[in-house]
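Understanding the architecture of this molecule
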Amino acid sequence: MNEDCIFCRIVKGETDTKIIKESERLIVFKDISPQAPIHLLIVAKKHIQDITRIDEETWNEIKDVATGIAKARSIPGFRLVHNAGDASLVKHIHVHFLGEVSGERKL
Ligand code: 5GP
Ligand code: ZN
């Protein structure tokens, strides 16, 4: 737990963020500033910085949760985005699940 970390505060239930899904090591909630029709954040409960520090079990669980969401909601196409190091704003590992996006895009 990092007192200054917004995602740690969300994990602890200190905010009014609605948790959409929870698994052993992860929680899922909507991004506050959505960049796609479906924009969820898959977030580790543990304060891990990014993919360079993650354990195999947590990374595998991210894969399972992401594919599980797509299957449960019958989402035909989705993107997973992970920003690491200086490319991230929140230094607590999360993967963006972007649903209902087109293959025709720049990035
Ligand atoms: P990144 O670190 O991957 O660049 O971006 C962090 C993401 O977290 C952003 O898309 C931002 O909108 C989202 N975010 C930051 N603070 C909050 C928050 O308090 N609640 C929610 N739901 N999303 C947040
Ligand atoms: Zn944290």
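These notes cover the structure that comes with them.

Cut-offs and rules
Residues numbered from 1 in each chain as written. Chains lettered and ligands numbered in written order. Predicted model: local features only at pLDDT ≥ 70, side-chain atom pairs only at ≥ 80, totals over all residues. Heavy atoms only, no water. Helix = DSSP H or I, 4+ residues; strand = E, 2+ residues; numbered from the N terminus. Expected span 1.5 Å × (residues − 1). Buried < 20%, exposed > 50% of the residue type's maximum accessible area, 1.4 Å probe, protein only. Donors = N, O, S within 2.8 Å, 3.2 Å for Na, K, Ca; no water. Tetrahedral: all angles 85-135°; square planar, octahedral: opposite > 155°, others 65-115°. Phe/Tyr/Trp six-rings, centres within 6.5 Å; stacked < 30°, edge-to-face > 60°. Salt bridge = Lys/Arg side-chain N within 4 Å of Asp/Glu carboxyl O.

Think of an α-helix as turning once every 3.6 residues; residues three or four places apart then point the same way. Here helix 2 (residues 56-72) spans 24 Å end to end across 17 residues, near enough to the 24 Å set by a 1.5 Å rise per residue. Burial in helix 2 covers these residues: Thr58, Glu61, Ile62, Val65, Ala66, Ile69 and Ala70. Ser74 lies just past helix 2 and shows a positive phi near 50 degrees.

Below, the discussion takes up the coordination of the zinc ion (ligand 2). The coordination sphere of the zinc ion (ligand 2) contains the protein donors Cys5 (SG), Cys8 (SG), His47 (ND1) and His92 (ND1), at a distance range of 2.0 to 2.3 Å. One can describe the donor arrangement at the zinc ion (ligand 2) as tetrahedral, given that its four donor atoms subtend angles of 103 to 117 degrees at the metal. All donors of the zinc ion (ligand 2) belong to a single chain; written as a sequence motif, their spacing is C-x2-C-x38-H-x44-H. With a gap of 87 residues between them, Cys5 in the segment before helix 1 (6-11) and His92 in the loop between strand 4 (78-81) and strand 5 (94-99) connect regions that are remote in the sequence. Of the two residues, Cys5 and His92, both sit in the buried class.

Working definition: an aromatic ring pair is given by the centre-to-centre distance plus the angle between the planes. This model, assessed by the stated rule, comprises two aromatic pairs. Measuring from ring centre to ring centre gives 5.6 Å for Phe7 and Phe29, while their planes differ by 80 degrees; the resulting arrangement is edge-to-face. Placement of Phe7 in helix 1 and of Phe29 in strand 2 (residues 26-30) is noted, with a sequence separation of 22 residues between them. Among the residues examined, Phe7 registers a relative accessible area of 7% and is labelled buried. When the centroid spacing of 4.9 Å and the interplanar angle of 10 degrees are considered together, the rings of Phe78 and Phe97 count as stacked. Taken as a pair, Phe78 in strand 4 and Phe97 in strand 5 lie far apart in primary sequence, 19 residues in all. Taking the relative accessible area as the measure of exposure, Phe78 reaches 32% and is therefore partly exposed.

Scanning the model with the defined rule gives six salt bridges in all. Measuring nitrogen to oxygen at the nearest pair gives 2.8 Å for the salt bridge that ties Lys45 to Glu22. You can see Lys45 sitting in the loop between strand 3 (38-44) and helix 2 and its partner Glu22 sitting in strand 1 (residues 21-22), a full 23 residues away along the chain. Exposure remark for Lys45: the relative accessible area of 27% places this residue in the partly exposed category. Members of the salt-bridge network, linked through shared partners, are Arg9, Lys12 and Glu14.

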